[in-house]
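# Structure assessment
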Amino acid sequence: MSRSAHPAGPRHADVLPEGHYSAPAADLNTLDDKVWARTVTRDADGVVTVGGLDVTRLAEEFGTPAYFLDEADFRARCQEWRGAFGTDADVFYAGKAFLSRAVVRWLYEEGLNLDVCSGGELTTALAAGMPAERIAFHGNNKTPEEIEKAVSVGVGRIVVDSFLEIARVAHIAQGLGKRQPVQIRVTVGVEAHTHEFIATAHEDQKFGIALSDGSAEIEGGPAAEAVRRVLSLDGLELVGIHSHIGSQIFDMAGFEVSARRVVGLLARIRDEHGVELPEIDLGGGLGIAYTSDDDPREPHEIAKALSSIVTRECEAAGLRVPRISVEPGRAIVGPTAFTLYEVGTIKPLEGLRTYVSVDGGMSDNIRTALYDAEYSVALASRTSDAEPMLVRVVGKHCESGDIVVRDAFLPADLAPGDLIAVPATGAYCRSMASNYNHALRPPVVAVRDGAAHTIVRRETEEDLLRLDVG
Ligand SMILES: Cc1ncc(COP(=O)(O)O)c(C=O)c1O
Ligand SMILES: N[C@@H](CCCC[NH3+])C(=O)O
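Cut-offs used in this document
Residues numbered from 1 in each chain as written. Chains lettered and ligands numbered in written order. Predicted model: local features only at pLDDT ≥ 70, side-chain atom pairs only at ≥ 80, totals over all residues. Heavy atoms only, no water. Helix = DSSP H or I, 4+ residues; strand = E, 2+ residues; numbered from the N terminus. Rg over C-alpha atoms; globule rule 2.2 N^0.38 Å. Buried < 20%, exposed > 50% of the residue type's maximum accessible area, 1.4 Å probe, protein only. Contact = heavy atoms within 4.5 Å. Areas by Shrake-Rupley, 256 points an atom, 1.4 Å probe, with all protein chains shown as cover. Lys, Arg positive; Asp, Glu negative; His and termini not counted. Charge placed at Lys NZ, Arg CZ, Asp CG, Glu CD. Near = heavy atom within 4 Å. Polar contact = N/O pair within 3.5 Å; in protein donor to acceptor, adjacent residues only side chain to side chain. Nonpolar A, V, L, I, M, F, W, Y, C, P; charged D, E, K, R; others polar. Core = buried A, V, L, I, M, F, W, Y, C linked by side-chain atoms within 4.5 Å. UniProt positions renumbered as here; feature names shortened; annotations may be inferred. 1 Å grid on protein atoms, 1.4 Å probe; cavity = no way out; pocket = protein on both sides within 12 Å on 5 of 7 lines; lining within 4 Å. Points joined across faces, edges and corners; volume = space filled by probe spheres on them.

### A word on the overall build of the protein chain
A tally of helices and strands in the protein chain yields 12 helices and 21 strands. The C-alpha atoms of the protein chain give a radius of gyration of 24 Å, which matches the 23 Å a tight globule of 470 residues would have. C-alpha atoms of the protein chain, sized along the principal axes, occupy 70 × 50 × 40 Å. For the protein chain, buried positions account for 55% of its 470 residues. Taking the contacts inside the protein chain whose residues are at least 6 apart along the sequence as the reference set, 69% of them involve residues at least 24 apart. Just so you have it, the protein chain exposes about 19400 Å², and 49% of that area is on carbon and sulfur atoms. Placing the 46 positive and 70 negative side-chain charges of the protein chain at their respective mean positions leaves the two points 4 Å apart.

Structural data, given as structure tokens:
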């Protein structure tokens, strides 16, 4: 990401320190549509509103820190993904980004399917009424109990991730007298341009079965061998091939290479077994804007790029075009929520930056500490004409790495009690939240058309004591 140092201006420094920040926006009160949920705006008093409700009232009713999720925006994004891929394709929302029963109901109503990757996510999906055949079950180490549950309820597909798992799922399905539809997750050897910890299709990592391991020992490579295994087992029905190259990716080139290689495997399967598999899944991973510097792709562009590459490659190989599916998580829920915090303490460091401590931190957003993720921030409870001040928004945990927003600008008259909001926290914030330092995980509040309701409640001290059985 290209970043430039701000030339001058903030209160506490004549020369700004090295950092990953852009120049402050000309007007810090302006909310960039790119990073904020779609119904977010400022009211006549300058207070940030979402779904028609202002954050000062929301903070009074629900407390801080809290995640506020714009339900209309969430539903609109589901519709855009469905519309872009059309009826010949399936969109599986990746529940790991954020899952609750309300979210499952919205997905169901908007015609999306659901990707789960644990027994807990499966239970949530089923409890909210998602039909099992619309659920895909993922994971590199599903437990026998999880597999048994998934097969028993009849999930639409299990994405098998290893040779051991192929045997395990087949054994369990056979024991239950079932034939389980499966896809094989392959690693296509693409180095996705994203943080190392969220890239998943290069060979040296835990997920999937490699298309090629560079040796000539297994004819056609490990993935071709996995296909042979699956086809030989009565308990399994091979319906397709799956590839997921990583997360927070902007460049479509990786997806195109992945699609080409997956179609190449389909052609090989047809040649070797005389079978044309009906499905391919190209995974999730589409990036969103966390700051004004990010330029994500729209669902229709992504759909067009993926379907044209698959069609072209299938035509070239003389294959019927399979049903495509995708698994966006972040791209649907990420932009729809922001985290609201109250400013507690402020520590100016002359010549460096100002530390702004909020009432949450790495327990509600671990992404900055874990992936060096970049976020933006705005003063939400009022506007200000004060000059921009370079800040680091930090939490209340006992870690110096407890950073929410590494480098950003807020008005220099920021004061304790102000509310600040960090946008684009819908994905992988609540779902990765922790109880570190016995923090109470914040609630998720859905807001729509002037009404707000809690969809995941705030943890309480009683919850902590209930888990601690003495
Ligand atoms: C198999 C699979 N599908 C879908 C996703 C969703 O990714 P994202 O939220 O980046 O769209 C992930 C997570 O990276 C994944 O591992
Ligand atoms: N949790 C990660 C992405 C991993 C997605 C799951 N495969 C993030 O916050 O970016």
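### Some thoughts on the site of ligand 2
Taken together, 8 residues sit near ligand 2, with Arg 330, Arg 367, Tyr 371, Tyr 428 and Met 432 positioned nearest. Within the contact set of ligand 2, an oxygen atom lies 2.5 Å away from a side-chain nitrogen or oxygen of Arg 367. Coverage of ligand 2 by the protein chains reaches 84% of its 310 Å² of free accessible surface. Partitioning the shell around ligand 2 into residue classes produces 4 nonpolar, 1 polar and 3 charged.

### Overview of the nonpolar core
Residues Phe 74, Tyr 93, Ile 158, Ile 184, Ile 241, Ile 420 and Ile 455 are the most contacted members of the largest nonpolar core, which totals 110 residues. Take this core: its biggest share by element is 8 residues, from helix H8 (residues 253–273). Formed by 24 residues, the second largest nonpolar core is a distinct cluster that contains Val 35, Leu 53, Leu 58 and Leu 419.

### A look at helix H7 (residues 222–232)
Those residues of H7 not exposed but buried are Pro 222, Ala 223, Ala 224, Ala 226, Val 227, Arg 228 and Val 230. On its buried face, H7 is in contact with helix H6 (163–175), strand S9 (180–187), strand S10 (209–210), strand S11 (236–242) and H8.

### Digging into unusual backbone geometry
Cis geometry is found at the peptide bond from Thr 64 to Pro 65, where omega equals -10°. Within the secondary structure, Pro 65 is located in the loop between helix H1 (55–62) and strand S4 (66–70). Even without being glycine, Asn 437 reaches a positive phi, approximately 60°. Turning to its location among the elements, Asn 437 is positioned in the loop between strand S19 (419–423) and strand S20 (444–448).

### Remarks on the site of ligand 1
Neighbouring ligand 1 are 15 residues; His 244, Ser 247, Gly 285, Glu 327 and Tyr 428 lie closest to it. Contact distances for ligand 1 include 2.3 Å between an oxygen atom and a side-chain N or O atom of Ser 247. Starting from 390 Å² of accessible surface for ligand 1 in isolation, the protein chains cover 92%. Of the residues in the shell around ligand 1, the class split is 3 nonpolar, 7 polar and 5 charged.

### Examining the UniProt feature "domain: Orn/DAP/Arg decarboxylase 2 C-terminal" (unreviewed entry) in the protein chain
Under the present numbering, the feature "domain: Orn/DAP/Arg decarboxylase 2 C-terminal" (unreviewed entry) in UniProt falls on residues 339–426. The span residues 339–426 is 6% helical and 43% strand by assignment, and the distance between its end C-alpha atoms comes to 8 Å.

### Points about empty space enclosed by the protein
Using the criterion set out here, one finds 3 cavities of 30 Å³ or more in the structure. Considering only enclosed or pocket space, the largest cavity measures out at about 50 Å³ in volume. In this structure, the largest cavity is lined by Tyr 67, Leu 69, Phe 98, Ala 337, Thr 425, Gly 426, Arg 430 and Val 444. Of the residues that constitute the lining of the largest cavity, the class distribution is 5 nonpolar, 2 polar and 1 charged.

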